[in-house]
Number of protein chains: 2
Amino acid sequence: MSEPAVILVRPQMGENIGAAARAMLNFGLTRMRVVAPRDGWPNPKAVAMASGASRVLDAAGRFDTLPEALRDCHYVFATTARGRELTKPVMTPERAMEHARALAAEGKQVGILFGPERTGLENDDVARADAIVTVPVNPDFPSLNLAQCVLLVAYEWRRQAAELPPEAMALAGTDFATGIEVEKLGDHVEDVMARAGFFFPEAKAPSMKVNLRNMWGRLPLTRADVQTLHGMLRQIVRWRDGGPT
Amino acid sequence: MSEPAVILVRPQMGENIGAAARAMLNFGLTRMRVVAPRDGWPNPKAVAMASGASRVLDAAGRFDTLPEALRDCHYVFATTARGRELTKPVMTPERAMEHARALAAEGKQVGILFGPERTGLENDDVARADAIVTVPVNPDFPSLNLAQCVLLVAYEWRRQAAELPPEAMALAGTDFATGIEVEKLGDHVEDVMARAGFFFPEAKAPSMKVNLRNMWGRLPLTRADVQTLHGMLRQIVRWRDGGPT
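Analysis parameters
- Residues numbered from 1 in each chain as written.
- Chains lettered and ligands numbered in written order.
- Predicted model: local features only at pLDDT ≥ 70, side-chain atom pairs only at ≥ 80, totals over all residues.
- Heavy atoms only, no water.
- Contact = heavy atoms within 4.5 Å.
- Buried area = accessible area lost by both parts, 1.4 Å probe.
- Salt bridge = Lys/Arg side-chain N within 4 Å of Asp/Glu carboxyl O.
- Polar contact = N/O pair within 3.5 Å; in protein donor to acceptor, adjacent residues only side chain to side chain.
- Helix = DSSP H or I, 4+ residues; strand = E, 2+ residues; numbered from the N terminus.
- Nonpolar A, V, L, I, M, F, W, Y, C, P; charged D, E, K, R; others polar.
- Pairing = 2+ DSSP bridges.
- Axes fitted to C-alpha atoms, helices over the stretch in contact; angles between N-to-C directions.
- Phe/Tyr/Trp six-rings, centres within 6.5 Å; stacked < 30°, edge-to-face > 60°.
- Buried < 20%, exposed > 50% of the residue type's maximum accessible area, 1.4 Å probe, protein only.
- Lys NZ or Arg CZ within 6 Å of the ring centre and 35° of its normal.
- Expected span 1.5 Å × (residues − 1).
- Arc of directions from axis to C-beta.
- Domains from an automatic or database assignment.
- Core = buried A, V, L, I, M, F, W, Y, C linked by side-chain atoms within 4.5 Å.

## As for the interface of chain A and chain B
- Counting residues at the interface gives 63 residues for chain A, matched by 62 residues for chain B.
- Summed over both partners, the interface of chain A with chain B comes to about 5500 Å²; 65% of that surface belongs to carbon and sulfur atoms.
- Among the residues of chain A in contact with chain B, Phe141(A), Trp239(A) and Arg240(A) are the three that bury the most area, contributing 15% of the side total.
- At the boundary of chain A and chain B, one finds five salt bridges.
- Taken together, the connections running from chain A to chain B amount to 23 residue pairs in polar contact (both at pLDDT 80 or more).
- Taken together, the elements giving at least two residues each to the side of chain A that touches chain B come down to helix H1 (14-26), helix H5 (93-105), helix H7 (146-159), helix H8 (166-170), helix H9 (179-195), helix H10 (205-218) and helix H11 (223-240) of chain A.
- For the side of chain A that touches chain B, the element with the highest residue contribution is H11(A), accounting for 10 residues.
- Among the residues making up the side of chain A that touches chain B, the classes are represented as 36 nonpolar, 15 polar and 12 charged.

Following this line, the structure appears as structure tokens:
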């Protein structure tokens, strides 16, 4: 599976290039290309900001023009918020990275363009892309900076890589109590609470007991929970029988 | 549909609070709560950084303690990267926001906790949550800052705006206890069990208490469950004080 290239077109501030490198590496992307960076290359401010992600900058390709940076790309996405007069598919990051994965799985090189901080991509840049990616931001407050935009696209790339269905992760490692363990806990609670005079009046006792059993049965108790509750009950009896107040 | 509250726990830098407000508003979230902000409240640096999103700060609630901030919450997510010894479901942002939408669709108040910049949430904070949210970052470069973490969770909330998961049906009609109700139950249990001498030896008492809070926080207790447990505790005390054996 070939990894997409993140292509920063005429980036301005070194700090933003460094932050973009961090955002890429957060989600496992390592291929950066830089087109006509305003302040030259390498950029010490970018390196300082990238910190632990400076290897992304070290390996980055530097190009004078966008077409040179796209030489080996089979498919190019242009990230832009503004509507365009250009006829071009417009996708969410989700849909775009789904498509990118399908292309990458076939060994295709995908490029993702990000424009200069202040102005974004020009029509001349976008014209070189196969599709537009637009993040579904709040139209009343659409401002995303360069690194945030990279972060969201990289997140989508990785999110879709997860081989485990999200549900599988949810309860991994939890040692739930078995039926017999919950049953014995229910017995213990019922016994102590009966001695404590909880099931009163007598006519209501059966339904109170059923409701308590139902509660223990419904709650996702772990083995540790069950042990804790047994310990609490034992201590309550010791207390009753003359322990500390 | 009730919108989740973004709860910043002991945030340090005003700039990060402002950036978090921007990240929220980018994806249409407006409800911020701030717990014990290090530099007081309101925070001029937060306002300066928030810029167009300063209305999120203006409307933010300021709380001294986490339990106060969770009073009306029916379900709480804790964002944390580190593995925990606490037993708690661990979800991706995707799965978590899917669940949050199902809850919100029923009018339930959801809270999402974000920890202090340097240290993240403490176990005592996480113990009050129903589930943990972990962003699936590159394990070799997992550093996400506070605003980035808020951005990704807010993005997931909005991304799923169009879809209503089937869980919405499954939870219909269940009258879950709110944060303040679970907190008071936790207080009551702790009080009675302390009187009963359960938290022994003293050196282990704090972790025993956190584990108990974690259990109540994690279990999907209904209002009726909470009332039953209060009733059991009251009866135990009456028994101790000379009731029937």
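More follows now that the structure is in view.
## Here we look at the sheet that holds strand E5 (residues 90-91) of chain B
Residues and elements named next belong to chain B.
- Within the open sheet, the seven strands sit side by side as E3-E2-E1-E6-E4-E7-E5. Their pairing is parallel. Each having just a single partner strand, strand E3 (61-63) and E5 make up the two edges of the open sheet.
- Bridge count between E5 and strand E7 (residues 131-133): two bridges; the pairing is parallel. Considered in E7, the bridge of Val 90 is made with Ile 132.
- Along the sheet face, helix H1 (residues 14-26) touches strand E1 (5-9) and strand E2 (32-35) and points at about 160° away from the line of E2.
- Against the sheet, helix H7 (residues 146-159) engages E1, strand E4 (75-79) and strand E6 (110-114), with an angle of about 155° to E6.

## As for the packing of aromatic side chains
- Counted by the stated rule, this structure contains seven aromatic pairs over all chains.
- A centroid spacing of 5.5 Å and a plane angle of 75° characterise the contact between Phe27(A) and Tyr155(A), whose relative ring orientation is edge-to-face. With a gap of 128 residues between them, Phe27(A) in the loop between H1 and strand E2 (32-35) and Tyr155(A) in helix H7 connect regions that are remote in the sequence. The residues Phe27(A) and Tyr155(A) share a single accessibility class, namely buried.
- An aromatic cluster of at least three residues, connected via ring pairs, comprises Phe27(A), Tyr155(A), Phe27(B) and Tyr155(B).
- The lysine or arginine in question, Arg101(B), covers the ring of Trp157(B), its NZ or CZ lying 3.9 Å from the ring centre.

## Structural notes on H10(A)
- Helix length check: H10(A) (14 residues) gives 20 Å between terminal C-alpha atoms against 20 Å at 1.5 Å per residue, within 8%.
- The set of residues buried in H10(A) consists of Ala205(A), Met208(A), Leu212(A), Met215(A) and Trp216(A). Within H10(A), the buried residues cover an arc of 95° as seen down the axis, which keeps them to one side. Exposed positions of H10(A) whose direction lies more than 90 degrees from the buried face are Pro206(A), Val210(A), Asn211(A) and Gly217(A).
- Those residues of H10(A) hidden inside the fold are in contact with H9 and H11 of chain A together with helix H11 (223-240) of chain B.

## A few points about the domain arrangement of chain A
- Parsing chain A into structural domains produces domain 1 (5-171) and domain 2 (179-240).
- Placing a centre on the C-alpha atoms of domain 1 of chain A and another on those of domain 2 of chain A gives a separation of 57 Å.

## So, the sheet that holds E2(A)
Residue and element names in this part refer to chain A.
- Strands sit in the order E3-E2-E1-E6-E4-E7-E5 across an open sheet of seven strands; the sheet is parallel. Both edges of this open sheet fall to strand E3 (61-63) and strand E5 (90-91), since each of them pairs with a single strand only.
- As defined by bridge partners, strand E4 (residues 75-79) adjoins strand E6 (residues 110-114) across four bridges and the pair is classed as parallel. If you follow Phe 77 over to E6, its bridge partner there is Ile 112.
- In the packing of H1 onto the sheet, contacts are made with strand E1 (5-9) and E2, and the angle to E2 comes to roughly 160°.

## Some words on the pattern of salt bridges
- Within the structure shown, the criterion is met by 35 salt bridges over all chains.
- A salt bridge links Asp124(B) to Arg128(B); its shortest N-O distance comes to 3.5 Å.
- Residue class for Asp124(B) comes out partly exposed when judged on its relative accessible area of 37%.
- Looking at Arg128(B), the relative accessible area reads 16%, which means it is buried.
- Look at the salt bridges and you will find they share partners, linking Glu94(A), Glu156(A), Arg159(A), Glu94(B), Glu156(B) and Arg159(B) into a network.

## Comments concerning unusual backbone geometry
- Looking along the chain, the bond that leaves Trp41(A) and enters Pro42(A) is cis, with omega of -5°.
- That bond from Phe200(B) to Pro201(B) is cis: its omega, 0°, falls within 30 degrees of zero.
- Structurally, Pro201(B) can be placed in the loop between helix H9 (179-195) and helix H10 (205-218).
- Of note in the backbone geometry, Ala36(B) takes a positive phi value of approximately 45° without being a glycine.
- Note that Ala36(B) resides in the loop between E2 and helix H2 (44-50).
- Despite not being glycine, Ser51(B) has its phi angle at roughly 50°, a positive value.
- Note that Ser51(B) resides in the loop between H2 and helix H3 (54-58).

## A closer look at H7(B)
Residues and elements named next belong to chain B.
- For H7, built from 14 residues, the straight-helix expectation of 20 Å at 1.5 Å per residue is met to within 8% by its first-to-last C-alpha distance of 20 Å.
- With 13 of 14 residues buried, H7 lies mostly within the body of the structure.
- The residue sitting at the N-terminus of H7 and contributing the capping side-chain oxygen is Asn 145; that oxygen lies 3.2 Å from the backbone nitrogen of Ala 147.

## Remarks on the environment of Phe199(B)
Residues and elements named next belong to chain B.
- Here Phe 199 shows up in the loop between H9 and H10.
- Distance from Phe 199 to Lys 209, taken between C-alpha atoms, is 7.7 Å for residues 10 residues apart in sequence.
- The residues touching Phe 199, leaving out its near neighbours within four places in the chain, are Glu 190, Met 193, Ala 194, Ala 205, Met 208, Lys 209 and Leu 212.

## What about the nonpolar core?
- Membership of the largest hydrophobic core comes to 86 residues, with the highest contact counts inside it found for Leu8(A), Met32(A), Phe77(A), Phe114(A), Met32(B), Phe77(B) and Phe114(B).
- Among all residues touching Phe114(B), those that are not within four sequence positions of it are Val6(B), Ile7(B), Leu8(B), Val9(B), Thr79(B), Leu121(B), Leu146(B), Cys149(B), Val150(B) and Val153(B).
- Within the second largest apolar cluster, 46 residues are counted, among which are Ala196(A), Trp216(A), Leu212(B) and Met215(B).

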